[in-house]
Amino acid sequence: MKKLTRLVAVSLIAFSFFACSSYERIGSFTSVSTRNIESKADYVLLTKYTEVKVSAKKAKKQNVDPLTFAAEELVKKQPGGEFIKNAKFFRTKDGKTYKIEGDIWGYPMAPVQK
């Protein structure tokens, strides 16, 4: 009985270890943008080390590549965001979820006047 209990415990631990969706790094880039960047514009750092996770299904529904979709979603998180610097791309081993993290750069937003 003791051996059976030990076997079940080891099996549950092994299953939980392999069932966890860990991310594997796809690549890292100095700068990422899905639109043109003006060379003469004065961009500022809006937020540091921001991340977003997107599902490949959601990107497919939008008819967009998951990496492009993730980059666009990250830039949308910050008002005035234009591009990402120090970007790192990740995906789960099964390819169902993508994650991107980096610093968002763009135009500083003017305060709303009432």
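Here goes a summary of the coordinates provided. (Residues numbered from 1 in each chain as written. Predicted model: local features only at pLDDT ≥ 70, side-chain atom pairs only at ≥ 80, totals over all residues. Heavy atoms only, no water.)

1. Brief notes about the overall build of the protein chain
1) Next: A tally of regular secondary structure across the protein chain gives three helices and four strands.
2) Next: When the helices and strands of the protein chain are read in sequence order from the N terminus, they spell out α-β-β-α-α-β-β.
3) Next: Here the protein chain, with 114 residues, has 27% of them falling under the buried criterion.
4) Next: Long-range pairs, those at least 24 residues apart, make up 72% of the contacts in the protein chain between residues at least 6 apart in sequence. (Helix = DSSP H or I, 4+ residues; strand = E, 2+ residues; numbered from the N terminus. Buried < 20%, exposed > 50% of the residue type's maximum accessible area, 1.4 Å probe, protein only. Contact = heavy atoms within 4.5 Å.)

2. Considering the sheet that holds strand β4 (residues 97-106)
The pairing of strands in a sheet comes from backbone hydrogen bonds and takes either a parallel or an antiparallel form.
1) Next: Strand order in the open sheet formed by four strands is β1-β3-β4-β2, with antiparallel pairing between adjacent strands. The strands lining the two open edges of the sheet, one partner per strand, are β1 (23-32) and β2 (44-55). For this sheet, the mean angle separating the axes of adjacent strands, direction not counted, is 15 degrees.
2) Next: Relative to strand β3 (residues 81-92), β1 is paired through eight bridges, and the arrangement is antiparallel. Bridge pairing links Gly-27 to Phe-89 in β3.
3) Next: Each of β1, β2, β3 and β4 is contacted by helix α3 (residues 66-76), which is oriented at about 135 degrees to β2, the strand it contacts most. (Pairing = 2+ DSSP bridges. Axes fitted to C-alpha atoms, helices over the stretch in contact; angles between N-to-C directions.)

By themselves, these figures tell us nothing about what the structure is for.
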